[in-house]
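Each chain is listed here by its residues.
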Amino acid sequence: MFPFFNRLKKSTKEQEAAFREQMQEEKVSWKDGLAMVIAGFLVIVLPCLLVLLIICGVAFHIFT
């Protein structure tokens, strides 16, 4: 049905352990963390709010 899933390879236990170890070793500074949170807010939350405001504005004008 989805040809993409046929090409996915399962990771081995060694690869999973290496990935887990790399993630634990990686340290993110507070500036980088703040930048990621702000970027996520700008990319996800603001467009959703804009869409909701547009929907509410249109519904308000239709029903009043």
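Residues numbered from 1 in each chain as written. Predicted model: local features only at pLDDT ≥ 70, side-chain atom pairs only at ≥ 80, totals over all residues. Heavy atoms only, no water.

Undergrad: If you had to explain the overall build of the protein to someone new, which residues and values would you point to?
TA: For the protein, the helix and strand inventory stands at three helices and zero strands. Taken over C-alpha atoms, the radius of gyration comes to 21 Å for the protein, far larger than the 11 Å a tight globule of 64 residues would show. Taking the principal axes of the C-alpha coordinates as reference, the protein spans close to 65 × 45 × 10 Å. Relative to its full complement of 64 residues, the protein shows a buried share of 0%. As displayed, the protein offers around 6600 Å² of accessible surface, 72% of which is attributable to carbon and sulfur atoms. (Helix = DSSP H or I, 4+ residues; strand = E, 2+ residues; numbered from the N terminus. Rg over C-alpha atoms; globule rule 2.2 N^0.38 Å. Buried < 20%, exposed > 50% of the residue type's maximum accessible area, 1.4 Å probe, protein only. Areas by Shrake-Rupley, 256 points an atom, 1.4 Å probe, with all protein chains shown as cover.)

Undergrad: Please set out the pattern of salt bridges residue by residue, giving values where relevant.
TA: The final tally for this structure, using the stated rule, is one salt bridge. Salt-bridge contacts for Glu16 lead to Arg20; the nearest nitrogen and oxygen are separated by 3.8 Å. Pair noted here: Glu16 and Arg20 are both in helix α2 (residues 13-25), with a separation of four residues, about one helical turn. By relative accessible area, which is 35% here, Glu16 ends up partly exposed. (Salt bridge = Lys/Arg side-chain N within 4 Å of Asp/Glu carboxyl O.)

Undergrad: Describe a nonpolar patch on the surface, with residues and values.
TA: Nonpolar side chains collect at one region of the surface, where Trp30, Leu34, Ile38, Phe41, Leu42, Val43, Ile44, Val45, Leu46, Leu49 and Leu52 lie side by side and expose about 1100 Å² of accessible area between them. Along the chain, Val43 turns up in helix α3 (residues 30-63). (Patch = residues over 30% accessible without salt bridge, like charges linked within 9 Å, V, L, I, M, F, W, Y side chains within 5 Å.)

Undergrad: Report on the environment of Lys9, specifying residues and quantitative values.
TA: Along the polypeptide, Lys9 turns up in the loop between α1 (3-6) and α2. A C-alpha to C-alpha distance of 51 Å links Lys9 and Ile62, two positions 53 residues apart in sequence.

Undergrad: Break down the confidence of the model for the protein for me, with residues and values.
TA: Looking at the protein, pLDDT values average 89 and 98% of them are 70 or higher. The least confident element of the protein is α1, whose mean pLDDT is 72; the most confident is α3, at 94. (pLDDT = per-residue confidence, 0-100.)

Undergrad: Tell me about the state of the cysteines, and name the residues and values.
TA: Following the criterion strictly, the structure yields zero disulfides and no others. Lacking any disulfide linkage, Cys48 is separated from the closest cysteine sulfur, that of Cys56, by 13 Å. For Cys48, a relative accessible area of 45% gives the class partly exposed. (Disulfide = S-S within 2.5 Å.)

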